[in-house]
Amino acid sequence: MSQRKMQMIERLRRENVRLTRQREIICAMFADHPDQHFTADALWRAFYPEDAVGLATIYRTLSVFEDVGLIKRIDIGDGIARYELADEQAMPHCHLICMTCGRVQEIDGSGMEAALKNVRTREFVVRDQTIVFHGYCSECRENERETKARGKGEIEGGGQDAKG
Ligand SMILES: [Zn+2]
Ligand SMILES: [Zn+2]
């Protein structure tokens, strides 16, 4: 068992959360993929084919884990909740969200320290922070370039964009 998973389970014990097999598996998922941003659906699918678990169980588990501060919910504005490990020692990070493929990438957010310092001068206590950049990832931009290049070859001097 990884150190991280052990710490997570220890935390659940301290918070008197009953450790079921499903909860242990979900712990392992987060522990083994500390840089992932899981949707409930992705976790649910990860259980198959060995275990049949209801989606409701996954939601319930995520909500319990969030309550005890094991994971945190990230809202990236598409209406789908994603969850990542709430690692207190982790450096602050920012999320890059691709508006085409939905891929979530993390970048180092140590530059946010200055902003956080400013926040503290207001005696404001930060409980949570999510910095999200919306845009297009390099792969999707590459695909788009290729599609455009191909289109140009097929219809030389193609029609004007209809506006209005
Ligand atoms: Zn993309
Ligand atoms: Zn993240």
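Bear in mind that the values here come from a model prediction, so they are computed numbers and not experimental data. (Residues numbered from 1 in each chain as written. Chains lettered and ligands numbered in written order. Predicted model: local features only at pLDDT ≥ 70, side-chain atom pairs only at ≥ 80, totals over all residues.)

Caption draft 1: Highlighting the sheet that holds strand β6 (residues 131–135). Here three strands make up an open sheet; going across it, the order is β5-β4-β6 and the pairing mixed. Strands with a single pairing partner mark the edges of an open sheet, and in this sheet they are β5 (104–108) and β6. Between one strand axis and the next, the sheet turns through 30 degrees on average, direction left out of account. The pairing of strand β4 (residues 93–98) with β5 spans five bridges and is antiparallel. Note on β5: the bridge partner recorded for Cys94 is Ile107. (Pairing = 2+ DSSP bridges. Helix = DSSP H or I, 4+ residues; strand = E, 2+ residues; numbered from the N terminus. Axes fitted to C-alpha atoms, helices over the stretch in contact; angles between N-to-C directions.)

Caption draft 2: Spatial organisation of the nonpolar core. Counting 14 residues, the largest nonpolar core has Phe30, Leu43, Leu62 and Ile71 as its most contacted members. Of all the secondary-structure elements, those providing two or more residues to this core are α2 (21–32), α3 (40–46), α4 (55–67) and β3 (81–85). (Core = buried A, V, L, I, M, F, W, Y, C linked by C-beta atoms within 7 Å. Buried ≥ 20, exposed ≤ 12 C-beta atoms within 10 Å, placed from the backbone.)

Caption draft 3: Expanded view of unusual backbone geometry. One non-glycine residue, Asn16, adopts positive backbone phi at about 60 degrees. Tracing the chain through its elements places Asn16 in the loop between α1 (3–14) and α2. Although it is not a glycine, Glu123 sits at a positive phi angle of roughly 55 degrees. Inspection of the secondary structure puts Glu123 in the loop between α5 (113–121) and β6. When the 6 C-beta atoms within 10 Å are taken as the criterion, Glu123 is described as exposed.

Caption draft 4: Highlighting the environment of Cys140. With respect to the helices and strands, Cys140 occurs in helix α6 (residues 138–154). C-beta crowding within 10 Å serves as the criterion here: with 16 such atoms nearby, Cys140 is assigned to the partly exposed category. For the pair Cys140 and Thr100, spaced 40 residues apart in sequence, the C-alpha to C-alpha distance is 6.8 Å. With sequence-adjacent residues up to four places away left out, Cys140 is seen in contact with Cys98, Thr100 and Cys101. (Contact = placed C-beta atoms within 7 Å.)

Purely geometric stuff here, so don't read any function into it on its own.
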